[in-house]
Amino acid sequence: MRKHIAVLTMFFALAAVSFASSDEEKWNYSILVSQIDSVQEPYLSGNSVIFTAREDARHVGIALDYENFSQIHSFSKKVMKDEFNNVTSSFYFYVLELPKNVQEFKYRLVIDGLWTMDPLNSNSVFDPDSNLMLSVFDAGREIPEITEEKASGTVRFVYKGESGRHIRLGGSFTNWDSWIYELKEVSPGLYQLDLALPPGTYQYCYYSGIKSFVDKTNPERCYSNEGKEASLLVVK
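The structure presented is a predicted model; accordingly, all values stated were derived computationally and were not measured. (Residues numbered from 1 in each chain as written. Predicted model: local features only at pLDDT ≥ 70, side-chain atom pairs only at ≥ 80, totals over all residues. Heavy atoms only, no water.)

(A) Up close: the side chain of His73. Tracing the backbone through its elements, the reader meets His73 in strand β4 (residues 73-74). For His73, a relative accessible area of 16% corresponds to the buried category. Within the local environment of His73, its side chain forms a polar contact with the side chain of Tyr94, the two groups lying 3.5 Å apart. (Helix = DSSP H or I, 4+ residues; strand = E, 2+ residues; numbered from the N terminus. Buried < 20%, exposed > 50% of the residue type's maximum accessible area, 1.4 Å probe, protein only. Polar contact = N/O pair within 3.5 Å; in protein donor to acceptor, adjacent residues only side chain to side chain.)

(B) View of the pattern of salt bridges. A full pass over the atoms with the stated rule returns 3 salt bridges. The salt bridge involving Lys150 is made with Glu148; its shortest N-O contact spans 3.4 Å. For Glu148, a relative accessible area of 14% puts it in the buried group. Asp194 is the salt-bridge partner of Arg156, the closest N and O atoms lying 2.8 Å from each other. Highlighted residues: Arg156 in strand β12 (residues 154-160) and Asp194 in strand β16 (residues 190-196), separated in sequence by 38 residues. Residue class for Arg156 comes out partly exposed when judged on its relative accessible area of 22%. On the basis of relative accessible area, Asp194 is assigned to the partly exposed category, the value being 42%. (Salt bridge = Lys/Arg side-chain N within 4 Å of Asp/Glu carboxyl O.)

(C) Looking closely at the layout of surface pockets. Reported here for the largest pocket is a volume of approximately 380 Å³. Around the largest pocket, the lining residues are Glu25, Asn28, Tyr29, Leu32, Ser45, Gly46, Asn47, Ser48, Val95, Glu97 and Leu98. When contributions to the lining of the largest pocket are tallied by element, the ones reaching two or more residues are α1 (2-34) and β6 (87-97). Top element by residues in the lining of the largest pocket is α1. It accounts for 4 residues. Of the residues assigned to the lining of the largest pocket, the class counts are 4 nonpolar, 5 polar and 2 charged. If you add up the space inside the second largest pocket, you get close to 320 Å³. Contributing to the lining of the second largest pocket are Lys100, Ile146, Thr147, Glu148, Glu149, Thr217, Asn218, Pro219, Glu220, Leu233, Val234 and Lys236. Mapped onto the lining of the second largest pocket, the elements with two or more residues apiece are β11 (148-151) and β20 (229-235). Broken down by class, the residue content of the lining of the second largest pocket amounts to 4 nonpolar, 3 polar and 5 charged. (1 Å grid on protein atoms, 1.4 Å probe; cavity = no way out; pocket = protein on both sides within 12 Å on 5 of 7 lines; lining within 4 Å. Points joined across faces, edges and corners; volume = space filled by probe spheres on them. Nonpolar A, V, L, I, M, F, W, Y, C, P; charged D, E, K, R; others polar.)

(D) Representation of the nonpolar core in the model. Among the nonpolar cores identified, the biggest contains 18 residues, and Phe51, Ile62, Phe75, Leu96, Phe105 and Tyr107 are the most heavily contacted of them. Those elements giving two or more residues to this core turn out to be β2 (48-53), β3 (60-64), β6 and β7 (104-111). What Ile62 contacts, discounting residues up to four positions off in sequence, is Phe51, Gln71, Ile72, His73, Phe75, Tyr94, Tyr107, Arg108 and Leu109. In terms of nonpolar packing, the next biggest core, distinct from the first, is built from 17 residues, Phe173, Leu197, Tyr202 and Val235 among them. (Core = buried A, V, L, I, M, F, W, Y, C linked by side-chain atoms within 4.5 Å. Contact = heavy atoms within 4.5 Å.)

(E) Focus on the pairing of β7. As defined by bridge partners, β3 adjoins β7 across 5 bridges and the pair is classed as antiparallel. Paired with Ile62 across the strands is Leu109, a residue of β7. With 4 bridges joining them, β7 and strand β10 (residues 132-138) adopt antiparallel strand pairing. By the bridge assignment for β10, Glu104 is matched with Asp138. Note that β7 and strand β8 (residues 114-116) share 3 bridges and pair antiparallel. Paired with Leu109 across the two strands is Thr116, which belongs to β8. Taking the residues that link successive antiparallel strands as the turn, the β7-β8 hairpin has 2 residues, and the phi of Asp112 there is positive, at about 50°. (Pairing = 2+ DSSP bridges.)

Right, dumping it as structure tokens:
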């Protein structure tokens, strides 16, 4: 009975976190949209890029190079009103949440079915593969080094801390043996290890001496069979 109660408690706790996360995302999106007040060149707001387009079109979409231009994302329409609720203007907008590893990207707009450059963006480049001019956006942000799957089946583990340490890696994939793998200090205070792992879900920790600790670049947490807090990683 206690086991069933514990399972149900964990389920509802996870559900609450999921709903809270969803509500927070909706709230952040609403804040971003409320701050868009005119047609202007693309700009960065947090980790999102805001695109706008004039209202004199039936449909506006955007296609991105890091998706191989395989999808067209539709803009939404925003209507501006005065204090008397009278419509003063309207325009199209699109909020693009940048993937964590994207710094600069190329794109094209699709306006009423016509593929074209962004008339509001003066930055462009010629693409020899397509023989077309493409609009370019540079986020100008620092991309943090984090533990993540870099290629199919290869994970880069990252630790940031004091220089000159010996940081080891152990987890469910080593039977919790922490003496097999050691991260290499690639720059002062930045340690990395590339490890091939088959698809699956893994638990792991970093070790220094006899002390173990979670990976602070990875927010996913779990508890090992021994009840110790560990980092959680899913390899696809």
